[in-house]
Amino acid sequence: MTRNRLRLFVALTTIAAVLPIGLAAAVDGQCGELFTPIYDIQGSGDSSPFEHQWVTTEGVVTHDVQKSSELSGFFLQDPVGDGDPATSDGIFVSHRNTWGFDVNVGDHLRITGFVDERFGETQLQNIDVITCDTGVSIAPTVATVPMDFETIEGMLVTFPQTLYISEFFNFDRFGEIVVTTERQYQPSQIAEPGSAKAFAIQEANAANRITIDDNRTSSNPDPAIHPNGLEFTLTNTFRGGDTLTNVTGAISYGFGLFRIQPTTGADYENTNPRPTSPDPIRGDVRVASFNVLNFFTTIDSGPDVCGPTGLSDCRGADNVTEYNRQLAKLLVGIIALDADIVAIQEIESGVRDADGVPDHTAIETLVAELNAIEGPGTWAWIGELDHYNDYPVRNEIIYRVSSVVPVGAPQTIADPAFDSVRPPLSYLWDVEPLGRPPVAQTFHPVGEPGKVFTVVNNHFKSKGSSCASIGDPFDVHQANCNLTRVAQAEALMAFVADLQESTGDPDVLIVGDLNSYANEDPIDRIKLGPDGIQGGGDNFFDLINKPGKNTAYTYLFDGQLGTLDYALASASLLSQVKGVTVFHINADEPDILDYDTSFKKAAQDALFEPLPYRVSDHDPVIVGLVLIG
């Protein structure tokens, strides 16, 4: 036996109250003498029965993360355990290898330390150590999801089951990936909001997941690590829906979540490969809907100088490099849709000039850049509307000149459901209204003027910010502003009724980002049609989600899939719809691959490719029509 650092010969009863951080008690006794087993320290509850006490224990190092850039410690495990499934045999020991001694995986240690529940994780701190043996091996304990992870906290475990990569929002910032037992859906995508089934889905989703971390504490870690244990590169990437087996590591707890700190790479399988083109669908005319995630030609350099008033945040690229990258991805993404009409959401609504004339630089730039690739006059914009509110992004429609012809001018509405501003105004520049007014355009195929139909492009109020100040409270399954979205759905259907009357044609295709999942109130309202009556003759039909099977998706949030983006056809148009598909180029792709350079280290910045993948966070929707007039 060897001492790894100078022992402090101070009575434990005195030192417990006065020991400064970074100092430790002397190890009590010799290897093999009486000690408190790790499973007793852990106990069977959420916190240790020895919390805020000094203990001496023994165990084997199973995972070494002592570097200051890592978790600053190591995992210690009893080599035998007590056989009680309610108590963990492992524990995290807080220590950096710069603090006077080092340990290695396989070391059998005797430790005296202070027990603390640090942010919910049982730890030993302020330790002193005796090395009893080296080269001791502990096999990972086989575990399965779901389970009570508290019972294996600190232990070396392996999950042999198939787990799906389901959430990766924090992959670029913190090296985290959430895996689940199957791909998960938003409760209100599958069930009625507020129903027992919705709550059951919510509970099951929470139980059937765990986070794979990267052993590091730094943000924007370099290199980014693929769950197979190798560096994440353009030739070693992953997508949502890909699978892992034999996920192995030590179980830690932090920031409100149990986590696997890997000791080795998992077995990875690309079960959800990238699509190189949309799924083939029938149709003489193809209509696409695409939320382009804040395409701004005004660079977001910091000041709030955007929007029609010039007082809103600039939401797009932060510099010219980002702008060029975003534009490159967007152009190839739109062209890949192979669409004749593209309804675009989240494109910049520019600053009005001194005479109040709207600015159209963003949409005009996009059309010009498309034509620079595909030839002059290939694409056109439907043109200026007679009403714009002060929201910094708007809805637009572009089309292929060789395929379709606009009939009449584009239409919109001025309605409080979209144009009202939430009181109270917190700041002078807090002028953004509730939503983006819909944009409608009637078309017919080139050479077939009798086959008219109308596309209505929408972007309803988001779920993120509160509408409580206008009497619209948070809904447990429909989130913020649900009543506001219902009001926008009501205004939309009144608009649709006017369009059907003014055009003399009932064929209407509603598309766009409705910020509502398949069973939520706004979607239900649109399905009822302008008269608001089920079976009333002018109902609208969800083309993406089939009755009783709402497993389509266009968006991923908190590891749960759902449709925020829609195509809904009027009853008269339904028989003319010959196909619909979702082009999964965004929701399944980790955002480390996007155009944004913020926070990224050079190696992650270099992951950019001028391909459509992760140009946005929404997947485009494409509808094929064979019009009969």
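The structure this text deals with has already been given above.
Here's a quick rundown of the structure. (Residues numbered from 1 in each chain as written. Predicted model: local features only at pLDDT ≥ 70, side-chain atom pairs only at ≥ 80, totals over all residues. Heavy atoms only, no water.)

1. Here we look at the side chain of Asp505
Examined against the element boundaries, Asp505 turns out to sit in the loop between α9 (482-503) and β24 (508-513). Lys451 provides the closest opposite charge to the buried, salt-bridge-free Asp505, at an N-O distance of 12 Å. When sequence neighbours within four positions are dropped, the list of residues in contact with Asp505 reads Val452, Phe453 and Gln500. (Helix = DSSP H or I, 4+ residues; strand = E, 2+ residues; numbered from the N terminus. Buried < 20%, exposed > 50% of the residue type's maximum accessible area, 1.4 Å probe, protein only. Lys, Arg positive; Asp, Glu negative; His and termini not counted. Salt bridge = Lys/Arg side-chain N within 4 Å of Asp/Glu carboxyl O. Contact = heavy atoms within 4.5 Å.)

2. Here's the deal with the packing of aromatic side chains
The tally for this structure, following the rule as stated, stands at 12 aromatic pairs. Grouped by ring-pair contacts, the aromatic residues Phe168, Phe171, Phe232 and Phe238 constitute a single cluster. Here the basic side chain of Arg173 rests over the ring of Phe599, its NZ or CZ set 4.1 Å away from the ring centre. (Phe/Tyr/Trp six-rings, centres within 6.5 Å; stacked < 30°, edge-to-face > 60°. Lys NZ or Arg CZ within 6 Å of the ring centre and 35° of its normal.)

3. Things to note about the environment of Lys67
With respect to the helices and strands, Lys67 occurs in the loop between β2 (54-65) and β3 (73-77). A C-alpha to C-alpha distance of 58 Å links Lys67 and Val455, two positions 388 residues apart in sequence.

4. Let's talk about the environment of Val476
Looking at the element boundaries, Val476 is found in the loop between β23 (453-459) and α9. Residues Val476 and Pro193, 283 residues apart in the sequence, show an inter-C-alpha distance of 7.9 Å.

5. Concerning the sheet that holds strand β28 (residues 565-570)
Ordered by their spatial adjacency, six strands build an open sheet running β21-β22-β23-β24-β28-β25, and the pairing between neighbours is mixed. Of all strands in the sheet, those with a lone pairing partner are β21 (404-411) and β25 (540-542), marking the two edges. Geometrically, the sheet is characterised by an average inter-axis angle of 25° between neighbouring strands, direction not taken into account. Against the sheet, α9 touches β21, β22 (436-445), β23, β24, β25 and β28, its axis set at about 160° to β23. (Pairing = 2+ DSSP bridges. Axes fitted to C-alpha atoms, helices over the stretch in contact; angles between N-to-C directions.)

6. Quick word on the sheet that holds strand β26 (residues 555-557)
The sheet built from three strands is open, its strands ordered β11-β27-β26 with mixed pairing. Each edge of the open sheet is held by one strand with a lone partner, namely β11 (184-185) and β26. Where β26 lies against strand β27 (residues 560-562), three bridges are found, and the strand directions are antiparallel. Across the sheet, the residue bridging to Leu556 is Leu561, located in β27.

7. Details of the side chain of Asp300
The topology assignment puts Asp300 in the loop between β17 (285-295) and α6 (320-336). With residues up to four places along the chain from it excluded, the contact list for Asp300 reads Asp313, Cys314, Arg315, Gly316, Ala317 and Asp318.

8. Looking at the state of the cysteines
Evaluation of the coordinates by the stated rule reveals three disulfides. Between the sulfur of Cys467 and that of Cys481 lies a disulfide, 2.0 Å long from S to S. Here the S-S torsion is close to 95°, and the disulfide linking Cys467 with Cys481 is therefore right-handed. Note that Cys467 is positioned in the loop between β23 and α9 and Cys481 in the loop between β23 and α9, a separation of 14 residues in sequence. Cys481 matches Cys467 in its accessibility class, with the two residues each being buried. Along the chain, the cysteines engaged in disulfide bonds are linked according to the scheme 1-2, 3-4, 5-6 when indexed in sequence order. (Disulfide = S-S within 2.5 Å.)

9. Remarks on α9
Helix length check: α9 (22 residues) gives 31 Å between terminal C-alpha atoms against 32 Å at 1.5 Å per residue, within 8%. Of all the residues in α9, the buried ones are Asn482, Thr484, Arg485, Gln488, Ala489, Ala491, Leu492, Met493, Phe495, Val496, Leu499 and Gln500. Two residues or fewer past α9, Gly504 is found with a positive phi of approximately 70°. (Expected span 1.5 Å × (residues − 1).)

10. A look at the nonpolar core
Counting residues in each nonpolar core, the largest one holds 59 residues, and the members touching the most others are Ile341, Val342, Leu366, Ile398, Phe443, Phe453 and Leu509. Top contributing element to this core by residue count: β17, with six residues. For Phe453, the contacting residues outside a window of four places in its chain are Val285, Val287, Ile341, Gln441, Thr442, Phe443, Asp505, Asp507, Leu625 and Leu627. Grouped together as the second largest cluster of nonpolar side chains are 32 residues, Ile152, Phe168, Ala266 and Leu556 included. (Core = buried A, V, L, I, M, F, W, Y, C linked by side-chain atoms within 4.5 Å.)

11. Describing the environment of Glu33
Within the secondary structure, Glu33 is located in the loop between α1 (12-18) and α2 (38-42). When its relative accessible area of 39% is taken as the criterion, Glu33 is described as partly exposed. For the pair Glu33 and Arg110, spaced 77 residues apart in sequence, the C-alpha to C-alpha distance is 9.5 Å. Apart from the residues within four sequence positions on either side, Glu33 is in contact with Glu58 and Arg110.

12. What to know about the pattern of salt bridges
Going through the model one piece at a time under the given rule, you end up with 18 salt bridges. Between Asp390 and Arg352 there is a salt bridge, and its shortest N-O distance comes to 2.7 Å. Highlighted residues: Asp390 in the loop between β19 (379-381) and β20 (393-400) and Arg352 in the loop between β18 (341-348) and α7 (361-374), separated in sequence by 38 residues. What emerges from the salt-bridge pattern is a single network uniting Arg183, Arg239, Arg274, Asp588 and Glu589.

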